[in-house]
Amino acid sequence: MTSNLVLSEVEYRVVGKRHIRPDGVDKVTGRAQYGADVRLTGLLHSKILRSPHAHARIKSIDTSKAEAYPGVKAVVTARDLPFASLTREKLGGDYQRLKFASDHVLASDKVLFKGHPVAAVAAANPHVAEAALNLIRVDYEVLPAVLDVREAMKESAPLLHAGLRTTSLGETSARPSNVASHMRFEKGDLEKGFSEADVVVEREYQTASVHQGYIEPHTATAFWNSDGQLNIWCSTQGAFMVRGAVADVLRHPVSKIKVTPTEIGGGFGGKIPAYLEPIASLLSKKANSPVKLIMTRTEVFEGSGPAPGSWMKVKVGATREGKLTAVQATMAFEAGAYPGSPVMQGITCAFGCYDVPNGRLDGYDVVVNKPKTAAYRAPGSPQAAFAVESVMDELGEKLGIDPIEFRLLNAAKEGTRRIEGPIARKIGLVECLEAARNHDHYRASQGGSNRGRGVACGYWMNRGFQSSVTMTVNFDGTINLIMGSVDIGGTRASIAQQTAETLGIAYEDVKPTVVDTDSIGFTFVTGGSRTSFATGLAAIEAAADVKQQMIARAASIWDTSKD
């Protein structure tokens, strides 16, 4: 396989063609098994009690009446999590990370967002479980909540975590703060760059939290067997991520956890975190039966992670000829109740489309009393692009330069060094812009008062990470392709195409199957635009190995050299 191939220069037999998706018939006929379709013998149903407050101290939880209610088989709270019995001394530097992870699953001392799980019940049916929730008594001390990222950054703001300190440029603050971290990247001489500019535009922007809105709610079924083997079936974008999260929070060996991903009814990044799996597992262990949990639509919106709200300040300078001289961006992203917003991706994507000589990027990860944020289609990049591209449009307008021409003047290309350091390899931004400029739709919009055409550039780093496939050749010459990547949008088909192309066989002769964590090597999540790329490369390498093995076997049979 040679690198930097352009599709138009190569005529592929299989790749790029419109094939029938392997999972298509099952999905349109209702035969496909989604998370809610899992049925096990002796299955119990669970419901979660969630906080009605955005911020409150938990003074006490009384579950005695719920436990005595007919049909209830198990009740769990944060007291049932291993973290409750682990000391700070025993955990050392891992204490805060594990506390955040455990408290996110079931709140212990405080609830930090409306919808925060406090307790869970497993019962003979969902109606009994729901009735039992109403019998649990929680005594709350309601605290002031902070819901705006800029308000949360103030020293006077209510603190979510007494032990959270700001890490900034290699140092840690002495006093608690809602700012979890501050990061900065710089290139060139910012002051010199702005002094050379003939026009400077500086603007502030805010974006709201936006939920992914996938059709299928979160669902998980768990069975903790008496021999310690824990089996989980769930709707997820990454079975190995679920296995790791459950092992972490429940302090259970990964070798004794098997996660089977079901078909997934949409995710867009929001089905990467594990919300229900640890709770279902804990209930199953206590009840000695399999337990199923399904979120309601309200729970999805209140208890799972949206894209972050943000505040951004962008400043850009350019010469009258349209060349950028300096750029600066400060971005504060809501992390939700626990640290971990995609602000790093936001600031690194912000000017990824541009070749700039001087720049500074500052990012702030800030906790607020909302659900912990999750990925949503290139997490962090859409917010940054909204702010930066708005300024670029205004700058081009002030200079009287066509928006595409303005971007072409400053477009990143092979060899461009980004502000945070990496040097671009071959990319297609210039080609995309030229194609748009030369398109009839764009040319037709020029000169009229109702142009109806907008221009923006966006950047996302195509990710690699780890992927595994197993490939076997059947007696009839067909291929079993086993993979660990969950299929959200057609990756069974795209990876089967790459396999068939490499082997020189028909697409229909490749049978792709997504399997559990015991049946394949470690595979990173389906997300970050990585799956067709990274798992596809794994398939190409496996197919190349299959060819070599087949050649060696034929050579042995025919008593000739492999050449």
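Values in this document were obtained by computation on a predicted structure and should not be read as measured data. (Residues numbered from 1 in each chain as written. Predicted model: local features only at pLDDT ≥ 70, side-chain atom pairs only at ≥ 80, totals over all residues. Heavy atoms only, no water.)

Colleague: Tell me about the sheet that holds strand β15 (residues 310-318), residues and numbers included.
Modeller: Strand order in the open sheet formed by seven strands is β8-β7-β9-β17-β16-β15-β10, with mixed pairing between adjacent strands. Edge positions in the sheet fall to β8 (171-176) and β10 (199-207), since each has one partner strand and no second. With direction set aside, neighbouring strand axes in the sheet form an average angle of 10°. For β10 and β15, the ladder comprises nine bridges, and the chain directions are antiparallel. From the neighbouring strand, V200 faces β15, where its bridge partner is G317. (Pairing = 2+ DSSP bridges. Helix = DSSP H or I, 4+ residues; strand = E, 2+ residues; numbered from the N terminus. Axes fitted to C-alpha atoms, helices over the stretch in contact; angles between N-to-C directions.)

Colleague: Lay out the side chain of H104 with the relevant residues and their values.
Modeller: Positionally, H104 belongs in helix α4 (residues 95-105). On the basis of relative accessibility, which here comes to 17%, the residue H104 falls in the buried class. Beyond its immediate chain neighbours, meaning those up to four positions away, H104 contacts F113, H116, P117, Y275, Y338 and K372. (Buried < 20%, exposed > 50% of the residue type's maximum accessible area, 1.4 Å probe, protein only. Contact = heavy atoms within 4.5 Å.)

Colleague: Please give an account of the packing of helix α8 (residues 239-250) against helix α9 (residues 277-287) that cites residues and values.
Modeller: Where α8 meets α9, the axes come as close as 9 Å, and the angle between the chain directions of the two elements is 55°. Taken together, the axes of α8 and α9 are oblique relative to one another. Regarding α8 and α9, the two cross each other, and that crossing is right-handed. Between α8, through V242, V246 and L250, and α9, the contact on the second element is made entirely by E277, P278, S281 and L282. Looking at the contact of α8 with α9 residue by residue, the class counts come to five nonpolar, one polar and one charged. (Parallel < 35°, antiparallel > 145°, perpendicular 65-115°, else oblique. Left-handed = near helix turned anticlockwise from the far one by under 90°. Nonpolar A, V, L, I, M, F, W, Y, C, P; charged D, E, K, R; others polar.)

Colleague: Outline the pattern of salt bridges, listing residues and values.
Modeller: Per the counting criterion, the structure on display carries 33 salt bridges. Among the ionic pairs, D23 bridges to R21, the shortest N-O distance being 3.4 Å. D23 gets classed as buried once you look at its relative accessible area, which sits at 4%. By relative accessible area, R21 is classed as partly exposed at 34%. E196 is the salt-bridge partner of K192, the closest N and O atoms lying 2.7 Å from each other. When its relative accessible area of 47% is taken as the criterion, K192 is described as partly exposed. (Salt bridge = Lys/Arg side-chain N within 4 Å of Asp/Glu carboxyl O.)

Colleague: For α9, give the residues involved together with the corresponding values.
Modeller: In an α-helix there are 3.6 residues to a turn, and that puts residues three or four apart on one side. In terms of burial, α9 is a largely internal element, nine of the eleven residues being buried. Within α9 the residues assigned to the buried category are E277, P278, I279, A280, S281, L282, L283, S284 and A287.

Colleague: Please give an account of the packing of helix α11 (residues 343-350) against helix α12 (residues 381-399) that cites residues and values.
Modeller: For the pair α11 and α12, the least separation of the axes is 8 Å and the interaxial angle reads 40°. As summarised for this structure, α11 and α12 are arranged oblique, according to the angle between their axes. α11 and α12 meet at a crossing whose hand is right-handed. Here α11 contributes G346, C349 and A350 to the contact with α12, which in turn contributes S381, A384 and V388. In the contact of α11 with α12, the residues fall into four nonpolar, two polar and no charged.

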